Amino acid sequence: MAAVSGLAGESAPDAGQVRAPRRMRASRRGRLNLFRRVVFTLFGLFFLLPLVALLRDSLEGAKLGTWSVTPWKQIASYPGVLGAIGIQLALAVVTCVAVLLLLMPTMIWIKLRLPRVSRAFEFLCLLPLTIPAIVLVVGLAPIYNKIEHYTVATIMLFLVYVILALPYAYRALSAGLNAIDATTLSEAARSLGANWFTVMFRVIAPNMGQAIPNAMLLSSALVLGEFTIAEILNYVTLPVVLFNISRATTNAGVLFSTSLAALLFTFLLLLLLSYVGRRLSRGRG
Amino acid sequence: MAAVAATNTTGARPERAGRRPPLAWLGTVPFLGYVGVFLLLPTAIVIWNSVRNTTGGFAFANLKVLGNSAVRTYFVGSVELSALSAVIGAVLGAILAYAIAAGNPDGIVRRISLAGSGVLAQFGGVTLAFAFFAALGPTSGFLLHASWYYDFPGGITLIYAYFQIPLMVLVFLPAVDGLKVQWREASESLGGSAWHYWRYVGGPLLAPAFIGATLLLFANALSAYATIQAWENQIAYTVPQQIYIAINSEVGLSNVNYADVLALGMVVLVAIIMTGYALLQRRAARWLR
């Protein structure tokens, strides 16, 4: 679901240059500033208050209205939670790696050798946006039921998650790939005797800057919150565990502490990756 | 022997200039194979099963289930929720996008808003339902004990707005950024008021992007399942929830691959909407250069 955020990401950078707010008439400027202040306050409250409530409930003691850190301690002790966190993180990592390994060589190959199929390729990559996860899972259930005879480990969910992550990873990577002159780079490398492996992983990939961390961030954010497919195929991942806890006890403190921890972790991931990405692009000058 | 091999390897070079032998297609095989097995095959299975009965014969009459009054209720519920949350998300998101665009393009406010939108647009899973439950739960809400929390579509629309508004900001901001200040100045120097500007210049320019983005939000809400399932799992209001029930209960409607038919209905609906989105996006792109 989420985020077609990649869609916007591409066109955003060239945005700013056209506007010059300084040249506005003073009266309109004042009104505009007031408008902005009101808008940001209201929206800020709307987006912050549920998070504050989450924080408050994650510090709720056994009796309503008291404070306690027990819910946070329970993340480690509550049955199933810690294991599910481990699986979720492993899924995120494996999915990131798999989607990059699948997508990057193909994208570079198509860019250099088969540019005429790039439209069809783009269509395939964006197709999962138009096929809701719930539909995908209906079609997958028979396949997974067949291979379930061989007891499939939860980690194998990554096979489907790669498909879910495809559109976002594609958007991020194609922005990076289009920003460099891949043809010239590869011709230079090839004329110096590099093979295709070297061209892809040692020449083009390092030049794609923030595109790769972006693709990884979007993919892992997607995996960390994925619920639909795991639940329906009967795999016990973190969101499924939380969902089951919420059905058993609506007010379990561990629910709120784990949710908040997961959210904060995603925020951190975003910060970290954008920091790494900026350092990468600065290092190259 | 050696000579033949040599001509083969050197012969492989010039193809880059002109002819493309089948070799170039080999590079796409892993990708095509993967997408084939995990995306195209499941979709094909859904379509195939939806026109077959449980004993293996063809039964196009299956599709009549979509006209069934109980099934219609779920589609109406889905469309109602998606439309409401898309329109609210689009209007509020557009206002926020305008407020962001009016500020300093390199400013901290813009940077925080964009990064925040990126995260919150993804924040649609079960945790979102828990956060709103913590804030507005009917008996234990932190802010208020909202009796309407479990109302459909009112309560869940508010929750959906939490990821729809950020998504709108991400999709719509480039269009708002594309409004040139010269257009406004031209309008003002010709004596136009703010109303004239929005009625005759800004509004028509932004309309395709706005409608397109609204369609995208609609499709986004339509496919959403985790949040509504965690919000209220006893009653099925939407098609995805009903699909879940159909998969998990052995007894569906007799002799019909119920889940597959519902899924097919969703695919058709989303495909129509996304086509409209793509067309409008192309129309909007004209002014974004």
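These figures come from a predicted structure and were not determined experimentally.

The rules we used
Residues numbered from 1 in each chain as written. Chains lettered and ligands numbered in written order. Predicted model: local features only at pLDDT ≥ 70, side-chain atom pairs only at ≥ 80, totals over all residues. Helix = DSSP H or I, 4+ residues; strand = E, 2+ residues; numbered from the N terminus. Buried ≥ 20, exposed ≤ 12 C-beta atoms within 10 Å, placed from the backbone. Contact = placed C-beta atoms within 7 Å. Nonpolar A, V, L, I, M, F, W, Y, C, P; charged D, E, K, R; others polar. Core = buried A, V, L, I, M, F, W, Y, C linked by C-beta atoms within 7 Å. Axes fitted to C-alpha atoms, helices over the stretch in contact; angles between N-to-C directions. Parallel < 35°, antiparallel > 145°, perpendicular 65-115°, else oblique. Left-handed = near helix turned anticlockwise from the far one by under 90°. Expected span 1.5 Å × (residues − 1). pLDDT = per-residue confidence, 0-100.

## Regarding the overall build of chain B
Each helix and strand in chain B was counted, giving twelve helices and zero strands. Start at the N end of chain B and walk to the C end: the helices and strands fall as α-α-α-α-α-α-α-α-α-α-α-α. The buried share of chain B, reckoned over its 289 residues, is 44%. Considering only contacts within chain B whose residues lie at least 6 apart along the sequence, 75% involve residues at least 24 apart.

## Structural notes on the overall build of chain A
Of the regular secondary structure elements, chain A holds 13 helices and zero strands. Order of helices (α) and strands (β) in chain A, N terminus to C terminus: α-α-α-α-α-α-α-α-α-α-α-α-α. Residues counted as buried form 44% of the 285 residues belonging to chain A. Sequence separation of at least 24 residues holds for 79% of the intrachain contacts in chain A that already meet a minimum separation of 6.

## Observations regarding the interface of chain A and chain B
Residue-level contacts link 75 residues of chain A with 71 residues of chain B. Considering every element that reaches the side of chain A that touches chain B, the biggest residue donor is helix 2 (residues 26–58) of chain A, with 14 residues. In the side of chain A that touches chain B, the residues fall into 56 nonpolar, twelve polar and seven charged.

## Side note on the nonpolar core
Among the nonpolar cores identified, the biggest contains 163 residues, and Ala169(A), Ala97(B), Met168(B) and Phe172(B) are the most heavily contacted of them. When near neighbours in sequence (up to four residues on either side) are disregarded, Phe172(B) contacts Gly93(B), Ala94(B), Ala97(B), Ala209(B), Phe210(B) and Ala213(B).

## Considering the packing of helix 4 (residues 81–113) of chain A against helix 10 (residues 211–224) of chain A
Residue and element names in this part refer to chain A. Two elements in contact, helix 4 and helix 10, have axes whose closest approach is 9 Å; the angle formed by their N-to-C orientations is 140°. The angle between the axes of helix 4 and helix 10 places the two elements in the oblique class. For the pair helix 4 and helix 10, the crossing hand works out as right-handed. Of the residues in helix 10, those in contact with Gln88, Leu91, Ala92, Thr95, Cys96, Val99 and Leu100 of helix 4 are Ile212, Ala215, Met216, Ser219, Ser220, Val223 and Leu224. Looking at the contact of helix 4 with helix 10 residue by residue, the classes come out as ten nonpolar, four polar and no charged.

## What about the packing of helix 2 of chain A against helix 6 (residues 126–136) of chain B?
Relative orientation of the contacting elements helix 2 of chain A and helix 6 of chain B amounts to 80°, with a least axis distance of 8 Å. The angle between helix 2 of chain A and helix 6 of chain B places the two elements in the roughly perpendicular class. In contact with Leu49(A), Pro50(A), Leu51(A), Ala53(A), Leu54(A), Arg56(A) and Asp57(A) of helix 2 of chain A, helix 6 of chain B contributes Phe130(B), Ala131(B), Phe132(B), Ala134(B) and Ala135(B). Classifying every residue of the contact of helix 2 of chain A with helix 6 of chain B by side-chain character gives ten nonpolar, no polar and two charged.

## Describing helix 5 (residues 108–120) of chain B
Taking 1.5 Å of rise per residue, 13 residues should cover 18 Å, and helix 5 of chain B covers 18 Å from first to last C-alpha, within 8% of that figure. Among the residues of helix 5 of chain B, Arg110(B), Ser113(B), Ser117(B), Gly118(B) and Leu120(B) are the ones counted as buried.

## As for the confidence of the model for chain A
Of all residues in chain A, 83% attain a pLDDT of 70 or more, and the chain-wide mean is 81. Considering only residues more than four positions removed or in separate chains, one finds that residues 1–22 of chain A, a stretch of pLDDT under 50, has 51 contacts.

## Things to note about the confidence of the model for chain B
Residue and element names in this part refer to chain B. Looking at chain B, pLDDT values average 82 and 88% of them are 70 or higher. Considering each helix and strand of chain B separately, the mean pLDDT is smallest for helix 1 (residues 2–11), with a value of 43, and largest for helix 4 (residues 69–101), with 92. Between residues 1–17, whose pLDDT stays under 50, and residues either more than four places distant or in other chains, the model counts two contacts.

## What about unusual backbone geometry?
Peptide bonds are, in most cases, trans, and in most cases residues other than glycine have a negative phi. Going from Phe152(B) to Pro153(B), the amide bond is cis rather than trans, its omega being 0°. Relative to the elements of secondary structure, Pro153(B) occurs in the loop between helix 6 and helix 7 (154–177). Despite not being glycine, Asn234(A) shows a phi value in the positive range, around 65°. Here Asn234(A) lies in the loop between helix 11 (228–232) and helix 12 (238–248).

## Overview of the environment of Arg36(A)
The topology assignment puts Arg36(A) in helix 2. If we skip the residues at most four places from it in the chain, Arg36(A) touches Ala99(B), Ala102(B) and Gly103(B).

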